[in-house]
Amino acid sequence: MPIYLLRRVLAAIPVMLVVAVFVFLLLRLTPGDPAAILAGDMATPEQLDRIRESLGLNDPLLVQFVRWIGALLQGDFGTSLISNKPVIDLVADRMWPTIWIAIITLSLSVAIAVPMGVLAAWKQGSWVDHLVMTFSVLGFSIPVFVIGYLLIKLFAIDLKWLPVQGYKAPSDDFAGFAARAVLPALTLASIYIALIARMTRASLLDVLNEDYVRTARAKGLTERRVLFRHALRNAAVPVMTVIGTGFALLISGVVVTESVYNIPGLGRLTVDSIFARDYPVIQALILLTSGVYVMVNLLIDLSYSLLDPRIRY
Amino acid sequence: MALLSALPAAAETTITAVMHSGLRVMDPVITTAHITRDNAFMIWDTLVAVDSDFVVQPQMANFDVSEDGLTYTFTLRDGLKWHDGGEVTPADCIASIKRWMVRDGGGQMINDRMESLEATGDKTFVLKLKEAFPYTLQAMAKPSGLALFMMPERIANTPADTAITEYIGSGPFKLVEDEFQPGVKVVYEKFDDYVPAPGPQSWFSGAKDVKVDRVEWVTMPDAQTTINALMNGEVDYVEGVPVDLLPLLEGLDNVKVDVLKKLGAVTIGRMNFLHPPFDNKKIRQAALKAISQEDVLTAMIGNPDYFQVCGAIFGCGTPFEFSDGSESLTTGGDIEGAKKLLEEAGYDGTPIVLMQPTDVATLTAQPIVAAQALRNAGFNVDLQPMDWQTLVTRRASQAKPSEGGWNLFFTGWIVPEVSNPLASIMLNGRGDKAWFGWPTDPEIEAMLNDFASTPDLEGQKAIAQKIQAHVMDNVNYIHLGQYFAPSGWSTSLKGVVNAPFPVFWGVEKE
């Protein structure tokens, strides 16, 4: 296991390096000029050129790349071209709202979706199954901003139970944090509940047709024991994959939900940085996202061995 | 004593405001971005300031101009302090003025004529000019473009093309740096040592009395969420309420909606003078004739209560309001006249690359309406959608339109930015050194020079009228009228200030 872990971590290095090169080149080939955003609408061409010079944007691409990668190897992600703040601080500020919303969304999704999926598989073809599948289709089909606005209208505007928008750190004001996290988490969870419930149902139905389940039933085990002890554990492998990639997706940014609920997360930082062509911030965010995907995939693979003893590393 | 200390402290009052965009750039000398200027007026103060009649008033300093117009003596008010406790000195002001002169057009004009700028006492400094420049105080007092803010000398010594990293001012509010999140939130606290200027508050002059403890600017990217938050009492002030969302706020007891920026903004179209077909004056005139202000403004704003057809390039409601040459623009366009001009010019069907930004709500409609009007007149229009960032990069290119250049784009300014011939950057006719579009126009340059050396308002008005007629004839740009963005605020706010952009002094919260 430790050798496998080391091999996987080492394998991530060339992946990240390739991502770094591609991101750097793609950004420089995209039309756009951070100096123009920095200087504003009234800047003359001459002033723009002076700002480009002071930001080092007039240097050859190779010089810029070596400068960036050299700093990166020393743990320095650079400074935002626009706000003049260290990129690491900008990302750290925006990371926690995104992480918290992701954790709450996935916890909520798993807590609701797995029982729903189990119930639908167990009662396959019944009205319960149809109800779960209908919900699943709706959860997939309705855009998140529609769900978001409907929830805001009901719970914030009409009932006035919850705030419309905003984010508070749990360490500053836990009640305020919780009140502001409910609606965005519910909004995002609508997709993940649909996805995980559907996956749990499908995976469980496959397993329920296996010989060992028939054997378990034949030897007189209760239906509950068959379902939870034998079937669900074996059905969990694909469900874990969905949960893991769901987490990576949530971390890499849910910009629509962040905009509707005014959450200062990584999604908005990414979009704002792209509009401003703030190269160091975009580069750091894409590297971070790639890192999260690599880590999540590794964790998913490791979780397989816990769920299925046949899988060994 | 024990009883006193047991009394609850007075509740802290905080205004939560949603501004037109997130603050990311802090240095008001490096950028003309409006949000940076708005922030600068919170934390820095100006030497002199204009009132609502465009008259220059003392702000941090009283001023005296010699009879020959060559010597300006500035005397700092007593008790002026920086947010870090230091006293404001003439050396600070001189360094701030010198840094601003490198970047600002008006500042450069002063610098070109400057003989010396020196401290003459603990509170006094003198600007001496080699030749009279009556626009000097107006340039130093202008509220937008690159306004002149005073900073401590150590900060003002930063090269003008490098952004400052320390945000110490002497303005009515202090920045709470720990809580500043670029693009998300800016927090200000009342500066207790601020000494308001004498006289009534008017625009950016007079007493900047702060009546709340804190002001928080939060960025909200979604307009519907912003309106919901205002309705729910989660925010107190919204700088710009989209006109199509106004019905949601009508009839609410807890929200007031009004136009605070009475002068509003203008929208304009700018052509590229370097390449065909707009290097031909007649073809530029044909384009101007084809376009109707009312059509553009209707598509852009919709509700006629919030726009004004206005032929004056210096803005309606300003001292230099003239409308010479704007008849076709303000009376629905003249397609037949445009066709005739195109024929006379021998237009050969060269496509017009018209850049359309798709991500800036106030700039998406103009290109579409103009493209149709130009097509109706017989132009071959190549409308190219792109994001604003791509547009601002591409407009800096002098390449041929077919090789990554352009022919026409649209943008907007607040009226104070175009209300004076020397402030309006679009009037610069110095070819390569001019604003994007690069017109070479010695006639307008001569008129601007005349204006700069004319001391009396009547004389300036006569020249401004000539400039108006010239711009319409030469089509230095197409002036497309004026519009007014309504603001919304909680009725718990009292004394919300009418000004060309939001200010938070004078505002109380109940």
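- The name that an unreviewed UniProt entry assigns to chain B is ABC transporter substrate-binding protein, with the source organism given as Pseudodonghicola flavimaris.
- Recorded in UniProt under Sequence similarities (unreviewed entry), the annotation for chain B is "Belongs to the bacterial solute-binding protein 5 family."
- A UniProt comment under Subcellular location (unreviewed entry) is attached to chain B, and it reads "Periplasm".

- An unreviewed UniProt entry annotates chain A as ABC transporter permease originating from Pseudodonghicola flavimaris.
- What the UniProt record of chain A gives under Subcellular location (unreviewed entry) is the line "Cell membrane".
- Listed under Sequence similarities (unreviewed entry) in UniProt, the entry text for chain A is "Belongs to the binding-protein-dependent transport system permease family."

1. Here's the deal with the sheet that holds strand β11 (residues 185–190) of chain B
Residues and elements named next belong to chain B.
And then number 1: Taken in spatial order, the seven strands make up an open sheet running β10-β11-β12-β1-β13-β21-β14, and their pairing is mixed. Looking at the sheet topology across the chains shown, the edges are occupied by β10 (173–175) and β14 (255–258).
And then number 2: In this sheet, strand β12 (residues 214–218) lies alongside β11 in antiparallel orientation, the contact comprising five bridges. Bridging across to β12, Val 186 finds its partner in Trp 217.
And then number 3: The strands touched by helix α2 (residues 34–43) are β10, β11 and β12; relative to β12, the strand with the most contacts, the crossing angle is about 170°.

2. Quick look at the environment of Leu 72 of chain A
Residues and elements named next belong to chain A.
And then number 1: Note on placement: Leu 72 falls in helix α4 (residues 61–73).
And then number 2: A relative accessible area of 18% places Leu 72 in the buried class.
And then number 3: Through-space distance from the C-alpha of Leu 72 to that of Ala 284 is 9.3 Å; in sequence the pair is 212 residues apart.
And then number 4: In this structure Leu 72 touches Phe 77 and Leu 287, once residues within four positions along its chain are discounted.

3. Structural notes on the UniProt feature "transmembrane region" (unreviewed entry) in chain A
Residue and element names in this part refer to chain A.
And then number 1: Within the UniProt annotation, "transmembrane region" (unreviewed entry) is assigned to residues 9–27, 99–122, 134–157, 177–197, 235–261 and 281–307.
And then number 2: A distance of 27 Å separates the end C-alpha atoms of residues 9–27, which is 100% helix and 0% strand.
And then number 3: Overall, residues 134–157 shows 92% helix and 0% strand. The separation of its end C-alpha atoms is 28 Å.

4. What about the side chain of Arg 77 of chain B?
Residue and element names in this part refer to chain B.
And then number 1: Structurally, Arg 77 can be placed in the loop between β6 (71–76) and α3 (90–103).
And then number 2: In this structure, Arg 77 is buried with no salt-bridge partner, the nearest side chain bearing the opposite charge being Asp 45 at 4.3 Å.
And then number 3: Among the polar contacts listed, one links the side chain of Arg 77 to the backbone oxygen of Gln 59, at a separation of 2.7 Å.
And then number 4: Beyond its immediate sequence surroundings of up to four residues, Arg 77 is in contact with Asp 45, Gln 59, Met 60, Ala 61, Lys 123, Tyr 194, Val 195, Pro 196, Ala 197 and Pro 198.

5. Focus on the interface of chain B and chain A
And then number 1: Taken together, the 50 residues of chain B in the interface contact 45 residues of chain A.
And then number 2: Of the roughly 3,900 Å² buried between chain B and chain A on both sides combined, carbon and sulfur atoms contribute 53%.
And then number 3: If you sort the residues of chain B by the area they bury against chain A, Arg 24, Asp 161 and Gln 389 of chain B come out on top, with a joint share of 15%.
And then number 4: Counting every contact that joins chain B to chain A gives four salt bridges.
And then number 5: Seen at the junction of chain B and chain A, the total is 22 residue pairs in polar contact (both at pLDDT 80 or more).
And then number 6: Sorting elements by how many residues they give to the side of chain B that touches chain A places helix α14 (residues 388–394) of chain B first, with five residues.
And then number 7: Here the side of chain B that touches chain A is built from residues that sort into 22 nonpolar, 17 polar and eleven charged.

6. So, the nonpolar core
And then number 1: Core analysis: the largest hydrophobic core is formed by 156 residues, its most contacted members being Leu 47 and Phe 379 of chain B.
And then number 2: Contact partners of Leu 47 of chain B, with chain neighbours within four places excluded, come to Pro 58, Gln 59, Met 60, Ala 61, Phe 74, Leu 76, Cys 93, Ile 97, Phe 125, Met 140, Leu 148 and Met 150 of chain B.
And then number 3: Grouped together as the second largest cluster of nonpolar side chains are 56 residues, Val 118, Ile 147, Leu 204 and Leu 227 of chain A included.

7. Quick word on the domain arrangement of chain A
Residue and element names in this part refer to chain A.
And then number 1: Under the domain assignment used here, chain A contains domain 1 (2–73) and domain 2 (90–307).
And then number 2: Centre-to-centre separation of domain 1 and domain 2, based on C-alpha positions: 33 Å.
And then number 3: When the two sides are added together, the surface that domain 1 and domain 2 hide from each other amounts to roughly 1,600 Å², 74% of it contributed by carbon and sulfur.
And then number 4: Contact with domain 2 buries surface across domain 1, with Arg 8, Met 16 and Leu 27 losing the most and accounting together for 31% of the total.
And then number 5: Here domain 1 is connected to domain 2 by one salt bridge.
And then number 6: For Asp 301, the salt bridge goes to Arg 8, with nearest N and O atoms at 2.5 Å.

About the cut-offs
- Residues numbered from 1 in each chain as written.
- Chains lettered and ligands numbered in written order.
- Predicted model: local features only at pLDDT ≥ 70, side-chain atom pairs only at ≥ 80, totals over all residues.
- Heavy atoms only, no water.
- UniProt positions renumbered as here; feature names shortened; annotations may be inferred.
- Pairing = 2+ DSSP bridges.
- Helix = DSSP H or I, 4+ residues; strand = E, 2+ residues; numbered from the N terminus.
- Contact = heavy atoms within 4.5 Å.
- Axes fitted to C-alpha atoms, helices over the stretch in contact; angles between N-to-C directions.
- Buried < 20%, exposed > 50% of the residue type's maximum accessible area, 1.4 Å probe, protein only.
- Lys, Arg positive; Asp, Glu negative; His and termini not counted.
- Salt bridge = Lys/Arg side-chain N within 4 Å of Asp/Glu carboxyl O.
- Polar contact = N/O pair within 3.5 Å; in protein donor to acceptor, adjacent residues only side chain to side chain.
- Buried area = accessible area lost by both parts, 1.4 Å probe.
- Nonpolar A, V, L, I, M, F, W, Y, C, P; charged D, E, K, R; others polar.
- Core = buried A, V, L, I, M, F, W, Y, C linked by side-chain atoms within 4.5 Å.
- Domains from an automatic or database assignment.

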